[in-house]
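# Structure assessment
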Amino acid sequence: MDKSLQVICMGLMSHFGLIFFIYPERIIASTQKGHWEPILIQCVIFILFLWLYLKGLSYFPKQDIIGILKTLGKAFSFTLLFPVLLYLIITTIELVSAYAEVTNIIFLANTPTWAIITLMILISTYIAVKGIETILRTALLIFCIFFPLILLTLLICFQDVDWHNAFPIMDTGFNFFREPPFYTSFFSFAIVFSFLGFIPKKISYNSKKIMFAVFFLIPFFFLSVYLPLLTFGNETASTLLFPFITTLDKVQLQWLIFDRATLFFALSLVTFIMLLTSLLLWQSSIIMSQYIPGLKQKYHIVVLSVSIFIICLCIPSWQETEKLLWWNTAFRFYILIVLPLIIFLIGVRRKRLS
Amino acid sequence: MNSIIVEINEVFKDAEDFFIEPFSLAGEAVLLLGLHSIVNLIKTKEILKKDMDTSEVIHSIKVKRTFFNRKGIEINSEEAIKSILQGKLIIYSKEKNIMLLFEPIPIELNRSIEPPANENVLQGPLDSFIEDMSTNIGIVRKKVSSAQLSVKTYTLGSDQKKKLSIVYLDDRADKGVIKKIISHIEMNQHTNILYLQHLYRFMGMRKWEVIPQFNNTEMPLEAVDGLNKGRVILFVDGFPFALILPHLLWDMFAQANDRNFAYPIMSAIRFLRVLGALVTLIFPALYVALVAVNPEILKIELALSIAQSREGIPYPPFVEITIMLLILELIIEASIRLPLSIGPTVTMVGGIVIGQAVVDAKLVSNLLIIIVAATSIANSSVVGFQNALILRLLKYVVVIFASIYGVLGILSGLVLISAYFASREIFGIPYTSLTKGRGGIG
């Protein structure tokens, strides 16, 4: 049965979770003017390599990514997959600690961070243990409940917009290529759709529909950066830690009983991240169970989450999390660019040989 | 007396309603065996007599043979005991030393078909299932009238026999599901089914499962709708409802009778039910979250007025809401248990007297009464009592999360519940899947 809708919901939700917190701040830090240029370049790279990845996978209708790489030999496939595993685990740590920290800073000042980390890891582990089908179905349910809320909040944000803040539109220097934040902002692109290679083939999806959904996603990247920019102007926006959340906070609605409707928006994004974390846990456990056999997949997940929980407790502050984001950049490009290329090339070679 | 009769007599020695009655059929001396309590002996005898008398005129010897050949099935003593318990009449021919099975006129032990008692229908068919299984199957057959309708009946139980029927449309139902159900039934033929819990268990449901495998409905319309969607219906003798299998999440919001209204109205009604489910899960938790953990998200005027209404209340919102919700559950339980004439009194005492007094005594805030009332109303908007029960239970999970994590707790509670729903599979069919029109589940 075609599960494209579930796959798309999973992808979209995870991206939403990744876009609205850290991404706007990174892009605004990477350039003074013409913010659309870095975003557009990133989107093009993202779409191009996602297309390559899907194309590569489509050459192997009966195998998942591990099966494909194993045709090259077990040791070699391990070398190729090890960076992926590492990136998955590091990203999970980043996500959990970063979002726990953010929640703690913005909304739950009195709750200790470890309590939020516990909640996130517990729920993610529960969902991950139930398997990929549960993850995808949960994604669809959660999407139906929260997505209307998110769209509504985004629409409300337009009331404070001053379109003059978009100028200057052009940046001819392309200085953002020299800025580290530009590279760390790929964080919002890299990880999500890699799970397509891991899902078992009985869960079928339509690549065309997924590409179509990705185009639906692009405007949100622009919105996340431009809404704060248009509301505050570049000078102010660049001083904010979470520009988008601040933009939402600024919105005042007479008819609503809530003063900070942001909370619902932002926290539903945190729940999206819980779902993404469960997906990452599941993905890592798939790789691990291939190379460390003898242990059931769900125990892999439990072992992983316990270790991630301990590591997250050891990360003292937001600054450390940011450092982790920067260190991880090489792996990020590996999973965003190198992995799709490898799969694509193996696929082309396989096609020629046959 | 023959050894077989002695044997049967021995089994029923303590049953005073058991009879062995001498009778003559076409001049032949026979014994009639059965149970007074379920066989209408006088009428049955009349029928037997009449059958014989009219035939005798034509050709007595031939008819005698025809009678035994046509209506009787030869059985042994074990089968005879089983049949007697099921309300059949045994005719024992002394001469030939054989036992024959006869379908007697039963004593009417069933109520007639009435409007449903636990589910209300608005402008739809008003019949409902009754305790008698064959009547129920008859109602379904009358509404479906298709040659594709398959009915398979099994007798289950080791010492207390119970009949169970599987009804489905051959061309629509999922073959895999039917195969699984039948294999479950055949594997557990000796399990006594006294309550639905036994049925759940032998269908492979875990003990602590909240979501049942079956959707119980009293309404034939719903059952027929299920059949047309490719689902399977189980009837258990003595239970006045159909068990539609598999039971899916969407059943909580959609009723077949909705389709008797115009499409926009149907959509609006169903949307309301979804809203009702969400309100049930979120409202009590939201109160706890807003008052105890995240008061800053409310407009300042509102936050102050809530704080004012909570003035003098000595304990945290979590305890406050738990008390009120528990009282509400007690009222619901009590009004189910009590006779119809006392039920409204309990409601009145619970609603007005306790509600008012509890606020005056500064045990809970005014706002909380509104929340609790809204929750219980919203809770009843979903289709099916068992679905309402699921929500009634799950709302506590969200309340507990909300009391610790505030709004984040509510949302994570919803994620957890969604994940729980998503992880359930009923005979290989995901609980969250939608029925897509005619022909299939999935």
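Keep in mind it's a predicted model, so treat the numbers as computed, not measured. Throughout this document, residue positions are counted from 1 along each chain, in the order its sequence is written. Each chain takes a letter, starting from A, and each ligand takes a number, starting from 1, following the order in which they are written. At least 70 in pLDDT is required for a residue's local features to be given in this predicted model, at least 80 for side-chain atom pairs to be given and counted, and no such filter applies to totals for whole chains, interfaces and linings, which use all residues. The side-chain figures draw on all heavy atoms in the structure; neither hydrogens nor water molecules are used.

A run of H or I in DSSP becomes a helix once it reaches four residues, and a run of E becomes a strand once it reaches two; helices and strands are each numbered from the N terminus. When its secondary structure is counted, chain B shows 14 helices and 12 strands. In terms of C-alpha radius of gyration, chain B reaches 29 Å, well past the compact-globule figure of 22 Å for 442 residues. With the C-alpha coordinates of chain B rotated into their principal frame, the extents come out at 100 × 45 × 40 Å. Burial status follows relative accessibility: with a 1.4 Å probe on protein chains alone, a residue under 20% of its type maximum counts as buried, one over 50% as exposed, and anything between as partly exposed. Taking all 442 residues of chain B together, the buried fraction comes to 49%. The contact criterion used throughout is that any non-hydrogen atoms of two residues lie within 4.5 Å. Look at the contacts in chain B between residues 6 or more apart in sequence, and 64% of them connect residues 24 or more apart. Areas reported as accessible are Shrake-Rupley estimates using a 1.4 Å probe. Residue values count occlusion only from the protein chains shown. Split by element, the accessible area of chain B, about 21,600 Å² in all, is 60% carbon and sulfur. For chain B, the distance from the average site of its 43 positive side-chain charges to the average site of its 42 negative ones is 5 Å. Note that the radius of gyration is over C-alpha atoms, with the globule rule given as 2.2 Å times the number of residues to the power 0.38. His is not counted, nor are the chain ends; Lys and Arg add positive charge and Asp and Glu add negative charge. Charged side chains are reduced to one point each, which is NZ for Lys, CZ for Arg, CG for Asp and CD for Glu.

On to helix α12 (residues 366-379) of chain B. Residue and element names in this part refer to chain B. For α12, built from 14 residues, the straight-helix expectation of 20 Å at 1.5 Å per residue is met to within 8% by its first-to-last C-alpha distance of 20 Å. Those residues of α12 not exposed but buried are L368, I371, V372, T375, A378 and N379. End-on view of α12: buried residues confined to an arc of 135°, all on one side of the axis. Seen from the open side of α12, the exposed residues pointing more than 90 degrees away from its buried face are I370 and I377. Here a helix's expected span is defined as the number of its residues, less one, multiplied by 1.5 Å. The directions considered for the arc are those from the helix axis to the C-beta atoms.

Residues and elements named next belong to chain B. The topology assignment puts N192 in the loop between α5 (175-187) and α6 (196-202). In the structure, N192 is positioned 36 residues away from L156 in sequence and 6.6 Å away in space, judged by C-alpha atoms. Among residues more than four places away in sequence, those in contact with N192 are G157, S158, D159, Q160 and H198. Any pair of nitrogen or oxygen atoms within 3.5 Å is treated as a polar contact; in protein, a donor-acceptor pairing is required on top of that, and neighbouring residues in sequence qualify only through side-chain atoms on both sides. A distance of 2.9 Å separates a polar side-chain atom of N192 from the backbone nitrogen of S158.

On to the interface of chain B and chain A, then. Where the parts come together, the accessible area they lose is often given as the size of the interface. Listed per partner, the contact involves 32 residues of chain B and 34 residues of chain A. The buried area of a pairing is the accessible area, by a 1.4 Å probe, that goes missing from both parts when the two are put together, added over both. When chain B packs against chain A, the two sides together hide about 2,900 Å² of surface, and 73% of this comes from carbon and sulfur. Whenever a carboxyl oxygen of Asp or Glu lies within 4 Å of a side-chain nitrogen of Lys or Arg, that contact is scored as a salt bridge. For the interface between chain B and chain A, the tally reads 1 salt bridge. Residue R137 of chain A is joined to E425 of chain B by a salt bridge in which the shortest nitrogen-to-oxygen separation is 3.0 Å. Taken together, the links from chain B to chain A amount to 4 residue pairs in polar contact (both at pLDDT 80 or more). The set of elements that each furnish at least two residues to the side of chain B that touches chain A consists of α8 (263-293), α13 (385-405) and α14 (407-423) of chain B.

Below, the discussion takes up the packing of helix α12 (residues 262-291) of chain A against helix α13 (residues 297-314) of chain A. Residues and elements named next belong to chain A. Viewed as axis vectors pointing N to C, α12 and α13 meet at an angle of 120°, and their least axial separation amounts to 9 Å. With respect to α13, the element α12 is oriented oblique. Between α12 and α13 lies a crossing of right-handed hand. Contact residues: L281, W282, S284, S285, I286, M288 and S289 in α12; Q297, H300, I301, L304, S305 and I308 in α13. In this classification, Asp, Glu, Lys and Arg are treated as charged, Ala, Val, Leu, Ile, Met, Phe, Trp, Tyr, Cys and Pro as nonpolar, and every other residue, Gly included, as polar. When the residues that make up the contact of α12 with α13 are grouped by side-chain class, the tally is 7 nonpolar, 6 polar and no charged. Helix axes are fitted only over the stretch in contact, all axes being lines through C-alpha atoms; the angle between N-to-C directions runs from 0 to 180 degrees. The cut-offs work like this: below 35 degrees is roughly parallel, past 145 is roughly antiparallel, 65 to 115 is roughly perpendicular, and the gaps in between are oblique. Handedness of a helix crossing follows the sense of rotation of the near helix relative to the far helix, less than a right angle counterclockwise being left-handed and clockwise being right-handed.

What follows deals with the packing of aromatic side chains. Residues and elements named next belong to chain A. Only the six-membered ring of Trp is used, alongside the rings of Phe and Tyr, when aromatic pairs are assigned; centres must lie within 6.5 Å, and planes under 30 degrees apart are stacked while those over 60 apart are edge-to-face, with the rest tilted. Applying the stated criterion across every chain yields a total of 34 aromatic pairs over all chains. When the ring of F21 is compared with that of Y99, the centres are 5.0 Å apart and the planes differ by 90°; the resulting orientation is edge-to-face. Of this pair, F21 sits in helix α1 (residues 4-30) while Y99 sits in helix α4 (residues 74-106), and the two are 78 residues apart along the sequence. The exposure class assigned to F21 is buried, which follows from its relative accessible area of 1%. Think of it as a cone above the ring: NZ of Lys or CZ of Arg counts as a charge over the ring if it is within 6 Å of the ring centre and within 35 degrees of the ring normal. Taking the ring centre of Y291 as reference, the NZ or CZ of K70 above it sits at 5.8 Å.

Quick look at the pairing of strand β4 (residues 89-93) of chain B now. All names here are of chain B. In terms of burial, β4 is a largely internal element, 5 of the 5 residues being buried. Side chains L89, I91 and S93 project from β4 onto one buried face, and the interleaved I90 and Y92 project onto a second face that is buried too. Strands were regarded as paired on the criterion that DSSP finds at least two bridges between them. For strand β2 (residues 28-35) and β4, the ladder comprises 4 bridges, and the chain directions are antiparallel. Counterpart to L31 in the pairing with β4 is Y92. Bridge count between β4 and strand β5 (residues 98-102): 5 bridges; the pairing is antiparallel. Within β5, the residue paired with Y92 across the bridge is M99. The turn linking β4 back onto β5 is made up of 4 residues, and N97 within it adopts a positive phi angle of 55°.

We now examine the pattern of salt bridges. Residues and elements named next belong to chain A. Counted according to the given criterion, the structure contains 20 salt bridges over all chains. E133 is paired through a salt bridge with R137; the nearest N and O atoms lie 3.8 Å apart. On the criterion of helical spacing, the pair formed by E133 and R137 is a turn pair, its members being 4 residues apart in helix α6 (residues 132-157). Under the relative-accessibility criterion, R137 is labelled buried at 6%.

Now for the packing of α6 of chain A against α14 of chain B. Two elements in contact, α6 of chain A and α14 of chain B, have axes separated by 8 Å at closest approach and are oriented at 135°. Compared by their axis directions, α6 of chain A and α14 of chain B come out oblique. Classified by chirality, the crossing of α14 of chain B by α6 of chain A is right-handed. Counting all contacts with α6 of chain A, which are made through T134, R137, T138, L141, I142, I145 and F146 of chain A, the residues of α14 of chain B involved are L411, L414, V415, S418, A419, F421, A422 and S423 of chain B. Taken together, the residues of the contact of α6 of chain A with α14 of chain B break down into 10 nonpolar, 4 polar and 1 charged.

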